[in-house]
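Chain by chain, the residues run as shown.
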Number of protein chains: 2
Amino acid sequence: MKRLLIENIKVITMEGDYIIPKGYIYIEDNKIVKVKEGVYEGERDNFEVIDGKGCVALPGFINCHTHIPMTLLRGYGEGLPLMRWLNEKIWPFEARLTEEDIYNGALLGIIEMIKSGTTSFVDMYFREDTIAKACRRANIRGFLGSPIIGDMWERQIDETLSLYDEFKEDDLIKIFIAPHSPYTCSFETLKKVGEIARNYKLPIHIHIAETKDEVNIIREKYNKTPFEVCKDAGLYDENKVIAAHCVYLNDDDIIMVKNYDFTVVYNPQSNMKLASGVAPIVKMMENGINVALGTDGASSNNNLNMIDEMKSASLLQKLSFNDATALSAYDTLKLATVNAAKAIGMEDKLGKIKEGFLADIILIDFNKPHLNPPTDIYSNIVYAANGSEIKTVIINGKVVLKDYKLLDIKENETILNANQSFIKVIERL
Amino acid sequence: MKRLLIENIKVITMEGDYIIPKGYIYIEDNKIVKVKEGVYEGERDNFEVIDGKGCVALPGFINCHTHIPMTLLRGYGEGLPLMRWLNEKIWPFEARLTEEDIYNGALLGIIEMIKSGTTSFVDMYFREDTIAKACRRANIRGFLGSPIIGDMWERQIDETLSLYDEFKEDDLIKIFIAPHSPYTCSFETLKKVGEIARNYKLPIHIHIAETKDEVNIIREKYNKTPFEVCKDAGLYDENKVIAAHCVYLNDDDIIMVKNYDFTVVYNPQSNMKLASGVAPIVKMMENGINVALGTDGASSNNNLNMIDEMKSASLLQKLSFNDATALSAYDTLKLATVNAAKAIGMEDKLGKIKEGFLADIILIDFNKPHLNPPTDIYSNIVYAANGSEIKTVIINGKVVLKDYKLLDIKENETILNANQSFIKVIERL
């Protein structure tokens with residue numbers, strides 16, 4: 001058995017707002033066995049010990065919506081209007097990605113995420129089998145869904161099911177089913193996806209109502225909102241649904257989706273950058289809808305930094321609802337931890353530092369000018385931190401980042417490989 | 001003579017969008033003498049040499065609006081509505097600050113700024129004499145204005161003039177005159193400040209139209225906009241004006257202020273956090289108004305990180321003007337460099353890496369997962385960076401940060417002193 005002790009540590013448990021001012025976290029294999037105030041007094045043989053002095057422990061962040069290999073497209077085609085950006089840049093580039101490129105892009109994104117405190121992510125991209133390899137290489141949790149889009153949907157569903165078979169016993173990878181959106185999937189596709197999800201108990205990862213254009217297209221085709229179309233296709237019935245964006249969700253939609261196991265994933269930076277609009281998160285939360293947080297892909301953000309995203313998340317709601325007290329720092333932290341764990345069906349295993357939970361823990365180094373005075377640690381993490389303060393990261397009981405250094409992955413080589421992949425794809429254009 | 005050579009460096013000159021892919025910057029004393037592609041081939045005796053491999057050089061950022069000692073109030077009173085926050089928390093706290101506290105808070109803020117690439121700042125706070133000492137201690141440029149507010153304005157103007165006398169020959173400190181705002185200064189005060197500014201050639205630093213409430217108060221009192229009140233008091237005549245916020249500036253105001261030497265300082269994060277609104281920056285720039293960028297104080301941000309601020313600056317304009325191409329990464333960089341230099345009357349000395357300019361230069365370390373691939377370096381700096389990539393900072397020809405370490409200031413001691421000041425002020429409450 002592997003034993004790990006983190007001592008001298010302030011712990012944000014995310015169990016209500018219970019903070020342990022100074023204590024320890026004791027981990028056996030991949031589980032948190034003890035979280036307690038004071039000094040660990042048991043024996044210390046065969047222990048790995050981390051001194052948490054000056055640090056704050058927090059559950060690792062769960063990035064609930066991204067397209068991880070799109071790190072390769074960071075800054076590519078910057079400054080073009082949306083449709084030209086997609087048609088002239090993004091889609092031609094993506095059509096030329098090899099399996100190796102996807103692996104290189106995914107691994108670059110994964111190390112970026114680990115270094116900024118993310119320990120799990122929900123992904124939608126081609127070749128999730130390859131992305132799963134990158135997850136295993138880096139020891140990060142991946143909740144992976146291969147996109148189902150357009151006319152090839154039957155083959156894509158089969159692909160999802162074979163991924164499901166391959167990874168159903170995996171401790172880090174879970175396969176989701178990922179219909180791209182109500183405007184890129186036919187009604188028949190949405191119906192079939194709903195059925196498959198029910199039969200295999202696969203959580204659904206989908207984009208809904210990202211732009212006003214999408215809402216108009218759907219209105220024209222169905223005379224319904226995008227949320228109603230998915231409902232009428234039976235997509236939500238008995239299923240767990242993780243819906244990215246939901247910028248244009250009206251009051252009736254809110255009342256309707258709250259009857260289901262439905263999580264909205266808020267992507268504030270991507271929605272701002274693409275000028276999509278502001279999701280009415282405060283109103284959703286007042287109505288009891290579960291809301292989580294995602295960065296979206298690096299090509300519309302342009303990073304995968306959940307601390308950066310939390311700040312924008314909170315500030316944008318305050319502005320939008322004209323209320324400086326809206327979406328507090330603590331509630332924002334919930335979006336990235338507790339609510340996210342609920343979204344992926346892991347609320348009894350992830351999102352808190354709690355006995356019996358999986359050991360996905362990050363240590364934030366408060367010994368930084370911009371994190372002092374430490375008057376309000378929730379506020380300092382959400383509004384003052386920038387994501388560079390993550391000193392140590394533990395995923396599934398394994399230390400993957402220590403003293404700011406990745407333990408098992410060569411950072412420079414990963415960067416180099418991704419940059420070479422970018423150049424090779426450009427040469428193929 | 002002190003000689004400094006930065007070699008193997010990519011240089012963002014901010015002269016148009018001229019980028020030197022690989023070259024060198026040669027500095028004598030506090031001036032940039034040569035910026036050139038290729039290898040430096042002169043003699044190297046008595047040189048300090050910095051290898052810029054993997055880095056990008058950029059003019060240091062100029063934070064055009066802050067209240068530097070308010071780092072002490074970071075996160076203090078978080079979550080209260082604006083007036084309760086001011087009345088119950090901020091003002092009672094500020095009333096109990098000693099000179100030592102102000103020094104400690106200022107130095108904490110200054111090291112935070114240096115570490116995130118800021119080399120100059122425009123400040124408005126009490127005891128600018130003390131803040132000037134912290135600037136000299138850290139070798140940062142301060143453009144300092146003691147607030148003129150309420151009934152004590154005559155004494156405060158005298159204070160400004162005695163500061164002016166003290167620092168008029170200083171190479172790092174310049175004294176500005178800082179009427180707080182049109183709603184906290186009488187018309188008579190604004191008139192007098194305008195006169196003094198003209199007589200002594202002091203740039204004016206003021207808050208204008210931060211909130212809707214302010215606009216309403218001024219409308220009630222004067223039946224004018226805040227911008228018109230200042231104009232009618234003669235504040236703008238022959239003066240250089242730096243106006244923070246300008247959230248509620250209408251089309252007539254835009255046409256009016258562009259006749260003057262008037263810079264708007266955009267403070268997007270503070271305006272979002274306090275739910276003040278969105279300044280129409282795109283429209284101002286289309287009309288030829290000079291726009292710079294500021295973080296405001298750390299109590300409403302809650303950091304002093306200009307890279308963080310640039311990202312919000314650009315994203316918020318895209319959202320607000322419903323245009324993904326609005327306020328490009330390059331134009332956003334201008335807000336923090338070239339436009340800011342113009343704001344403070346240093347456009348022929350700061351804001352560019354150019355022969356004859358002052359040597360205020362930062363080196364951004366691109367050897368980071370989140371800054372790769374380096375496809376679009378403007379975009380990567382504005383949208384992907386977080387401010388933690390600043391490896392080296394040179395101010396007025398002096399290296400103050402090298403390999404991420406402050407050379408002349410003990411970081412831990414500075415943090416400790418500020419935290420102790422915070423505790424002491426609380427004890428005095």
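Residues numbered from 1 in each chain as written. Chains lettered and ligands numbered in written order. Predicted model: local features only at pLDDT ≥ 70, side-chain atom pairs only at ≥ 80, totals over all residues. Heavy atoms only, no water.

1. A look at the packing of helix 2 (residues 99-115) of chain B against helix 3 (residues 128-138) of chain B
Residue and element names in this part refer to chain B.
Part 1: It is the contact of helix 2 with helix 3, at a shortest axis distance of 9 Å, that shows an interaxial angle of 40 degrees. In terms of orientation, helix 2 lies oblique with respect to helix 3. When the axes of helix 2 and helix 3 are compared, the crossing they make is right-handed. In this structure, helix 2 contributes Glu99, Ile102, Tyr103, Ala106, Leu107, Ile110 and Ile114 to the contact, and helix 3 contributes Thr130, Ile131, Lys133, Ala134, Cys135, Arg137 and Ala138.
Part 2: Partitioning the contact of helix 2 with helix 3 into residue classes produces 10 nonpolar, 1 polar and 3 charged. (Axes fitted to C-alpha atoms, helices over the stretch in contact; angles between N-to-C directions. Helix = DSSP H or I, 4+ residues; strand = E, 2+ residues; numbered from the N terminus. Parallel < 35°, antiparallel > 145°, perpendicular 65-115°, else oblique. Left-handed = near helix turned anticlockwise from the far one by under 90°. Contact = heavy atoms within 4.5 Å. Nonpolar A, V, L, I, M, F, W, Y, C, P; charged D, E, K, R; others polar.)

2. Some thoughts on the environment of B:Lys192
All names here are of chain B.
Part 1: With respect to the helices and strands, lysine 192 occurs in helix 5 (residues 187-200).
Part 2: For the pair lysine 192 and valine 382, spaced 190 residues apart in sequence, the C-alpha separation works out to 40 Å.
Part 3: The residues touching lysine 192, leaving out its near neighbours within four places in the chain, are Trp153 and Ile157.

3. Focus: the sheet that holds strand 14 (residues 261-266) of chain A
Residue and element names in this part refer to chain A.
Part 1: Spatially, the 4 strands line up as an open sheet ordered 12-13-14-15, and their pairing is parallel. Only two strands of the sheet have a single neighbouring strand rather than two, namely strand 12 (204-208) and strand 15 (290-293). Across this sheet, the average inter-strand angle for adjacent strands is 30 degrees, counted without regard to direction.
Part 2: Sheet analysis places strand 13 (residues 240-245) next to strand 14, joined by 5 bridges and oriented parallel. If you follow lysine 240 over to strand 14, its bridge partner there is aspartate 261. (Pairing = 2+ DSSP bridges.)

4. Focus on the domain arrangement of chain A
All names here are of chain A.
Part 1: By the assigned domains, chain A splits into domain 1 (3-59 + 359-406) and domain 2 (62-343).
Part 2: Between domain 1 and domain 2, the C-alpha centre-to-centre distance is 29 Å.
Part 3: Both faces considered, domain 1 and domain 2 share a buried interface measuring about 2200 Å² in area, 68% of it formed by carbon and sulfur atoms.
Part 4: Among the residues domain 1 hides against domain 2, the three largest losses belong to Met14, Val382 and Tyr383. Together they make up 30% of the total.
Part 5: In this structure, the connection of domain 1 to domain 2 is made through 1 salt bridge.
Part 6: The interface formed by domain 1 and domain 2 holds 9 residue pairs in polar contact (both at pLDDT 80 or more) in total.
Part 7: Every element with two or more residues in the side of domain 1 that touches domain 2 is listed here: strand 5 (55-59), helix 14 (377-384), strand 17 (390-395) and strand 18 (398-402).
Part 8: Residue contributions to the side of domain 1 that touches domain 2 peak at 5 residues, all from helix 14.
Part 9: Its residues assigned to classes, the side of domain 1 that touches domain 2 shows 17 nonpolar, 5 polar and 4 charged. (Domains from an automatic or database assignment. Buried area = accessible area lost by both parts, 1.4 Å probe. Salt bridge = Lys/Arg side-chain N within 4 Å of Asp/Glu carboxyl O. Polar contact = N/O pair within 3.5 Å; in protein donor to acceptor, adjacent residues only side chain to side chain.)

5. Re the sheet that holds strand 14 (residues 261-266) of chain B
Residues and elements named next belong to chain B.
Part 1: The strand order 12-13-14-15 describes an open sheet built from 4 strands, whose pairing is parallel. The open sheet is flanked by strand 12 (204-208) and strand 15 (290-293), the only strands paired with a single partner. Pairwise comparison of adjacent strand axes, ignoring direction, gives a mean angle of 30 degrees for this sheet.
Part 2: With 4 bridges joining them, strand 14 and strand 15 adopt parallel strand pairing. In the strand pairing of strand 15, valine 264 is matched with valine 291.

6. Here's the deal with the relation of the copies chain B and chain A
Part 1: Least-squares fitting of chain B to chain A yields an RMSD of 0.0 Å, with the superposition described by an axial translation of 0.0 Å and a rotation of 180 degrees. What we have between these two chains is a two-fold relation. (Least-squares fit on C-alpha atoms with pLDDT ≥ 70 in both.)

7. Some words on the pairing of strand 16 (residues 361-365) of chain A
Residue and element names in this part refer to chain A.
Part 1: Along strand 16, 5 of the 5 residues are buried, which leaves the element largely enclosed by surrounding structure.
Part 2: In strand 16, alternate side chains face the same way, and those of Ile361, Leu363 and Asp365 on one face and Ile362 and Ile364 on the other are all buried.
Part 3: In this structure, strand 5 lies alongside strand 16, joined through 5 bridges in antiparallel fashion. Bridging from a neighbouring strand, alanine 57 pairs with leucine 363 of strand 16.
Part 4: Here strand 16 runs beside strand 17; their pairing, made up of 4 bridges, is antiparallel. Its bridge partner lying in strand 17, leucine 363 is registered against threonine 392. (Buried < 20%, exposed > 50% of the residue type's maximum accessible area, 1.4 Å probe, protein only.)

8. Considerations on helix 3 of chain B
Because an α-helix completes one turn every 3.6 residues, residues spaced three or four positions apart along the sequence face the same direction.
Residue and element names in this part refer to chain B.
Part 1: Among the residues of helix 3, Glu128, Thr130, Ile131, Ala132, Ala134, Cys135 and Ala138 are the ones counted as buried.
Part 2: At its buried positions, helix 3 is contacted by helix 2, strand 7 (118-124), strand 8 (141-145), helix 4 (153-167), strand 10 (173-175) and strand 18 (398-402).
Part 3: After helix 3 finishes, the residue asparagine 139 shows a positive phi value of roughly 60 degrees.

9. Observations regarding the side chain of A:Thr119
Part 1: Structurally, A:Thr119 is set in strand 7 (residues 118-124).
Part 2: Ignoring anything within four residues of it in the chain, the contact list for A:Thr119 reads A:Gly60, A:Phe61, A:Ile140, A:Arg141, A:Asp360, A:Ile362, A:Val393, A:Ile394 and A:Ile395.

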